[in-house]
Amino acid sequence: MEVLRLGNMRWLKRLSKVFAVLAVMLFLLVVTGASDTLLFYARVARLYTRSPDTKLAMPLENISKKEVADTWQAPRGDGRRHEGQDIFAARGTPILSATNGYIIKIGENNLGGQTVSVVGAGGRVYYYAHLDSYAKNIHVRDRVTTRTVLGYVGTTGNAQGTPPHLHFGVYTLTGAINPLPLLSDRVAPTVTRRQRNQLSVL
Ligand SMILES: [Zn+2]
């Protein structure tokens, strides 16, 4: 009887130690900001469970889908094929996110120059390259919508010496797909009913 009670005490002590360790870990998570990281991964994990967007907003305003010349899989020297679409516009034209999602990468690479990657529903990654500059105040982990400016059209990376354009890529979990069939024209800013009434008065 006495032995059993002693055993219980030991077990309780062990349990309280486990709780103490958990409490310290939780405290450290909050202090170091790692809880934000966990929250971010939880949000991204939730995005993965959703079905991918079937309609993407044109990343550049005032450009229609018709104006994009299809260069998907066009040969690009050294055996490479074009894994996306190029959308031409004046240098400095704002680039808007084509989807809702989270920024997962902002950085430079040899081919893409200055790039931004956004993860959207279904874990698809949307890749924006050759940026002249990044939008101010964008950070990795930021939530974005189709109204978020990511950066500005340029010629960085291997686009140097070409007319300024956005390279837009869409990556599924198994590889790149053609963004063009998914792209849809942005609706021009709508005139509100009040403005319309005012116009009809004038
Ligand atoms: Zn390209």
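Everything below is about the structure printed above this text.
Each value, and the rule that gives it
- Residues numbered from 1 in each chain as written.
- Predicted model: local features only at pLDDT ≥ 70, side-chain atom pairs only at ≥ 80, totals over all residues.
- Heavy atoms only, no water.
- Pairing = 2+ DSSP bridges.
- Helix = DSSP H or I, 4+ residues; strand = E, 2+ residues; numbered from the N terminus.
- Buried < 20%, exposed > 50% of the residue type's maximum accessible area, 1.4 Å probe, protein only.
- Donors = N, O, S within 2.8 Å, 3.2 Å for Na, K, Ca; no water.
- Patch = residues over 30% accessible without salt bridge, like charges linked within 9 Å, V, L, I, M, F, W, Y side chains within 5 Å.
- Areas by Shrake-Rupley, 256 points an atom, 1.4 Å probe, with all protein chains shown as cover.
- Salt bridge = Lys/Arg side-chain N within 4 Å of Asp/Glu carboxyl O.
- Lys, Arg positive; Asp, Glu negative; His and termini not counted.
- Charge placed at Lys NZ, Arg CZ, Asp CG, Glu CD.
- 1 Å grid on protein atoms, 1.4 Å probe; cavity = no way out; pocket = protein on both sides within 12 Å on 5 of 7 lines; lining within 4 Å.
- Points joined across faces, edges and corners; volume = space filled by probe spheres on them.
- Nonpolar A, V, L, I, M, F, W, Y, C, P; charged D, E, K, R; others polar.

Enquirer: Please clarify how the pairing of strand S8 (residues 149-153) should be interpreted in this entry.
Expert: In this sheet, S8 lies alongside strand S3 (residues 94-96) in antiparallel orientation, the contact comprising 3 bridges. Within the sheet, the bridge partner assigned to proline 94 lies in S8 and is tyrosine 152. Sheet analysis places strand S6 (residues 125-134) next to S8, joined by 3 bridges and oriented antiparallel. When the bridges of S8 are listed, tyrosine 134 appears paired with glycine 151.

Enquirer: For this particular structure, what's the right way to read the pairing of strand S9 (residues 165-172)?
Expert: Residues in a regular strand point their side chains to alternate faces of the sheet. Of all 8 residues that make up S9, 7 are buried, and the element is covered over most of its length. Looking at chain direction, strand S2 (residues 85-88) and S9 are connected through 4 bridges and run antiparallel. Counted as the bridge partner of aspartate 86 is histidine 167 from S9. Sheet analysis places S6 next to S9, joined by 5 bridges and oriented antiparallel. Bridging from a neighbouring strand, tyrosine 128 pairs with phenylalanine 168 of S9.

Enquirer: Before we go on, may I ask you to explain the coordination of the zinc ion in this structure?
Expert: In ideal tetrahedral geometry, four donors around a metal make angles of 109.5 degrees, whereas ideal octahedral geometry with six donors gives angles of 90 or 180 degrees. For the zinc ion, the full set of protein donor atoms is His82 (NE2), Asp86 (OD) and His167 (ND1), at a range of 2.0 to 2.1 Å. Positions of the donor residues of the zinc ion along the chain correspond to the pattern H-x3-D-x80-H. Remark: histidine 167 occurs in strand S9 and histidine 82 occurs in the loop between strand S1 (56-57) and S2; sequence separation between them is 85 residues. Accessibility expressed as a relative area gives 5% for histidine 82, which makes it buried.

Enquirer: Could you clarify how one ought to interpret a positive patch on the surface in this entry?
Expert: Taken together, the side chains of Arg10, Lys13, Arg14 and Lys17 make up a positively charged region of the molecular surface. Tracing the backbone shows arginine 14 in helix H1 (residues 2-32). Classification of arginine 14 by relative accessible area gives exposed; the value is 56%.

Enquirer: Can you help me understand the pattern of salt bridges in this one?
Expert: Tallied over the entire structure, the rule returns 4 salt bridges. The closest approach of N and O atoms between arginine 80 and aspartate 78, which form a salt bridge, is 3.6 Å. Of the residues examined, arginine 80 reaches a relative accessible area of 30% and is grouped as partly exposed. A salt bridge links arginine 91 to aspartate 132, with the shortest nitrogen-to-oxygen separation between them at 3.3 Å. Taken together, the residues span a long stretch of sequence, with arginine 91 in the loop between S2 and S3 and aspartate 132 in strand S6 at a distance of 41 residues. Taking relative accessible area as the criterion, arginine 91 reaches 47% and is therefore assigned partly exposed.

Enquirer: Looking at this model, I keep getting lost on the layout of surface pockets. Mind explaining?
Expert: A water-sized probe, rolled over the atoms, reveals where empty space remains. Taken as a whole, the largest pocket holds about 370 Å³ of empty space. In this structure, the largest pocket is lined by 20 residues; those nearest its centre are Arg80, His82, Leu111, Asn158 and His167. When residues of the lining of the largest pocket are traced back to their parent elements, those giving at least two are S2, S6 and S9. Of the residues assigned to the lining of the largest pocket, the class counts are 7 nonpolar, 8 polar and 5 charged.

Any link to function would need more than the numbers given here.
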